[in-house]
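# Understanding the architecture of this molecule
Given next are the chains, with one letter for each unit.
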Amino acid sequence: MLECVRFLLLLALFGSLPLFATAESLAQKRSAHLEIKPESKEWCSQLKQAAVRARGLDPGMRSYTLLLASRGLQKCAPQKVRATLIDAFMASVALSDADAAKTGLQSAALRKLLRLDESTVVQLMPQADPEARAEIQGAMVERAVDRRDFDRALSLLNQIPSDQDYPYAAATQLILRLPAGHEAEKRAIFVNAMAHDREHSSLGVEGDDLSFMVVRFWRHFPPELVLDAIDQILDHSKTDDTHIAMKASSGPINFDNVYQYRLFELLPVLRELDPSKAEQLSNDPQVQAQLNKYPNGLQSLDPTVRDTPLRKGEEPGMQGVSMTSPGASGKVLQDWHSAEIYQRQENEILKQAGDDPRQAIATAATLPVQAGHTAPRSETLFRIAQVGWKKNPSASKEALEQMADSLKKVDPAMSGRLRLNLGLRVQYCWSDGVELANKMKDTDLARSLLQEGMEQAERWKGVDGDDNDPNRALKAWWPSVALFSALLRSAAHISPQTALELIHKFQDPDLVTLFQIRLANDRLGADEESLH
């Protein structure tokens, strides 16, 4: 039945293309005849073969690998990109609603397709799950804002049902970009956001919620409207015991529940509009202690949270935010604190490395193999090798060899994002170590590091695939698979043929297809976007 639906959908899409093809999609068709450089033809062939095999994989990996293939096809066969993205989306539709990858895959496919043909996205969106649909509606608003088509952006916002997630970040960008004299439109957007929050309150501690809109724009709206919004936000937060931890220049900030965090955000505004009510609510010593340090709340932490757009070269100043279940925030703060301590120690050791690299290596050996989501010893040893390889290649070789010994001791038996973050650090040490050895012209060392890294990835794969406690994430997102991918990319910088030979030793068709597409994309210069 699903295949029948898919066929009818594709027939409708392609059959009606001449009626609604955008300038972008027509330009893409014209670009299909661009000449491919001779050195790229083999990699285009590899990519196309893998893309054909991808269509035979299970829905999750089919969707993911086709999304990756679409990057390289922009170089090799632009006329196939649109159909590939549609296939990637349709594969994700077949996933269970309980599959954590479904929303991300759908959002990624529709975002990529949005750049080519918005009308096709509109036809596909009813089949997307609600969260993905809301994200793409926000992307469509942002796209209209970027084109300064403010009427279109307003229309899209007004079409979003009240029981659906609201794109607060996109609405914020629209208010920021609307020209002077459009105060009525700005107020209408804010009222619309309040209505959605009333039906479906959100907690977006990095800017995507109603509270951030209050902090930014309260001076633009009638006080009674802003006070109503504050009451609404505080009322919703009273029963949410999510813990929130934030990084700040003077140290971490911890809130035991969402209500405390909302007071930290909103009391500075409330003091301006209703000082007596602000005084009544200022009885939480934990919140008051933070406001004594940061009197303007969020705006003390991040001055870019204001009612004007970012200036050229300016970046948002929020350093890090974590939301955890009750009792877990202490571990987050401890990990942050440990990471800062080891970062300072690493910096001190690196000061030694230029003049006395072997003493720096000896000092690095006293650091722990593993601490929370970091691998201090391995990371510091790599940095020592990186700093001194031109001046003292033998010391850099020693540092890389000791790094490899340390990496082998890292324990992958942990869960959640902690394991993912540690996996990324291990991945960078191995792959960057291989590339540094290759840069040093030490092929034996590069191949040795590659082999040892591949062996560790194989051990990690055993953990990911453990029948008693399997990793239920999409296979492409397993730490072991990410490590394999990084090492194969580094192997290609030694010899592309070496990387291909390693790929074809895998028995798993999911991995062969994934790695072949990634290698082809890399050789074609098709940058890979994050699809997590």
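What you see is a predicted model, and the numbers here were worked out from it, not measured in a lab.

Calculation criteria
Residues numbered from 1 in each chain as written. Predicted model: local features only at pLDDT ≥ 70, side-chain atom pairs only at ≥ 80, totals over all residues. Heavy atoms only, no water. Helix = DSSP H or I, 4+ residues; strand = E, 2+ residues; numbered from the N terminus. Buried < 20%, exposed > 50% of the residue type's maximum accessible area, 1.4 Å probe, protein only. Areas by Shrake-Rupley, 256 points an atom, 1.4 Å probe, with all protein chains shown as cover. Expected span 1.5 Å × (residues − 1). Bend = angle between axes of the 7 residues up to and from the residue. Polar contact = N/O pair within 3.5 Å; in protein donor to acceptor, adjacent residues only side chain to side chain. Pairing = 2+ DSSP bridges. Arc of directions from axis to C-beta. Core = buried A, V, L, I, M, F, W, Y, C linked by side-chain atoms within 4.5 Å. Contact = heavy atoms within 4.5 Å. Phe/Tyr/Trp six-rings, centres within 6.5 Å; stacked < 30°, edge-to-face > 60°. Disulfide = S-S within 2.5 Å. Axes fitted to C-alpha atoms, helices over the stretch in contact; angles between N-to-C directions. Parallel < 35°, antiparallel > 145°, perpendicular 65-115°, else oblique. Left-handed = near helix turned anticlockwise from the far one by under 90°. pLDDT = per-residue confidence, 0-100.

## Thoughts on the overall build of the protein
Secondary structure assignment for the protein yields 27 helices and three strands. A total of 532 residues make up the protein; the buried ones form 52% of that total. Only carbon and sulfur atoms are counted for the fraction: they give 50% of the accessible area of the protein, which is about 24800 Å².

## Section: helix H15 (residues 258-273)
With 16 residues, H15 should cover 22 Å at 1.5 Å per step; its first-to-last C-alpha distance of 22 Å lies within 8% of that length. Roughly 45° is the biggest bend found in H15, and it falls at leucine 266, with proline proline 268 one to four residues downstream. The buried fraction of H15 amounts to 12 of the 16 residues, a majority that puts the element mostly inside the structure. Taken as a whole, H15 has its buried residues at Val258, Gln260, Tyr261, Arg262, Leu263, Phe264, Glu265, Leu266, Leu267, Pro268, Val269 and Leu270. Two or three places before tyrosine 259, at the start of H15, stands the capping residue asparagine 257, its side-chain oxygen 3.2 Å from that residue's backbone nitrogen.

## A word on the pairing of strand E1 (residues 243-246)
On a regular strand, one side chain projects to one face of the sheet and the next to the other, so that they alternate. Here E1 shows two buried faces, one formed by His243 and Ala245 and the other by Ile244 and Met246. Sheet analysis places E1 next to strand E2 (residues 253-255), joined by three bridges and oriented antiparallel. Residue pairing in the sheet places alanine 245 in a bridge with asparagine 254 of E2.

## Examining helix H20 (residues 357-364)
The set of residues buried in H20 consists of Pro357, Ala360, Ile361 and Ala364. All buried residues of H20 lie within an arc of 100° about the axis, which places them on one face of the element.

## Describing the nonpolar core
Judged by nonpolar contacts, the single largest core of 156 residues is most densely connected at Ile189 and Leu400. Among all residues touching isoleucine 189, those that are not within four sequence positions of it are Leu154, Leu157, Tyr166, Ala171, Leu174, Ile175, Leu178 and Met213.

## Quick notes on the packing of aromatic side chains
This structure, assessed with the given rule, holds eight aromatic pairs. Put simply, the rings of Phe255, Tyr261 and Phe264 pair up and form one aromatic cluster.

## Let's talk about the state of the cysteines
Enumeration over the complete set of coordinates arrives at one disulfide. A sulfur-sulfur separation of 2.0 Å characterises the disulfide bridge that pairs cysteine 44 with cysteine 76. The chirality of the disulfide connecting cysteine 44 with cysteine 76 is left-handed, given an S-S dihedral of about -80°. In this pair, cysteine 44 is assigned in helix H4 (residues 38-54) and cysteine 76 in helix H5 (residues 59-76), connecting sequence segments 32 residues apart. In terms of burial, cysteine 44 and cysteine 76 fall into one category: buried.

## Some words on unusual backbone geometry
Its identity as a non-glycine residue notwithstanding, arginine 148 has a phi of 60°, on the positive side. Structurally, the position occupied by arginine 148 is in the loop between helix H9 (130-146) and helix H10 (150-158). In this structure, lysine 441 takes a positive phi of about 65° despite not being glycine. As for its position among the elements, lysine 441 is in the loop between helix H23 (416-439) and helix H24 (443-464). For lysine 441, a relative accessible area of 72% corresponds to the exposed category.

## Some details on the packing of helix H11 (residues 168-177) against helix H13 (residues 210-217)
Where H11 contacts H13, the two axes come as close as 9 Å, and the packing angle between them is 20°. Taken together, the axes of H11 and H13 lie roughly parallel to each other. Relative to H13, the crossing made by H11 is right-handed. Residues Tyr168, Ala171, Thr172, Ile175 and Leu176 of H11 form the contact with H13, whose own contacting residues are Leu210, Met213, Arg216 and Phe217.

## A word on the confidence of the model for the protein
Of the residues in the protein, 86% reach a pLDDT of 70 or more, and the chain-wide mean stands at 87. The model gives residues 1-33 a pLDDT under 50, and that stretch makes 44 contacts with residues more than four places away or in other chains.

## Considerations on the environment of asparagine 471
Inspection of the secondary structure puts asparagine 471 in the loop between H24 and helix H25 (479-494). Accessibility expressed as a relative area gives 21% for asparagine 471, which makes it partly exposed. Along the backbone, asparagine 471 and lysine 461 are 10 residues apart, and their C-alpha atoms lie at a distance of 9.6 Å. A polar contact of 3.0 Å, which involves the side chain of asparagine 471, links it to the backbone nitrogen of alanine 473.

## Some details on the packing of H25 against helix H26 (residues 496-503)
H26 packs onto H25 with a crossing angle of 145° between their chain directions and a minimal axis gap of 5 Å. For the pair H25 and H26, contact is made by Leu488, Ala491 and Ala492 and by Pro496, Ala499, Leu502 and Ile503, respectively.

## Notes on the side chain of glutamate 452
Within the fold, glutamate 452 resides in helix H24. The class of glutamate 452 is buried, set by a relative accessible area of 16%. When sequence neighbours within four positions are dropped, the list of residues in contact with glutamate 452 reads Ala404, Lys408 and Trp430.

## Quick notes on the environment of proline 223
Along the chain, proline 223 turns up in helix H14 (residues 223-237). Separated by 50 residues in sequence, proline 223 and leucine 273 place their C-alpha atoms 6.6 Å apart.

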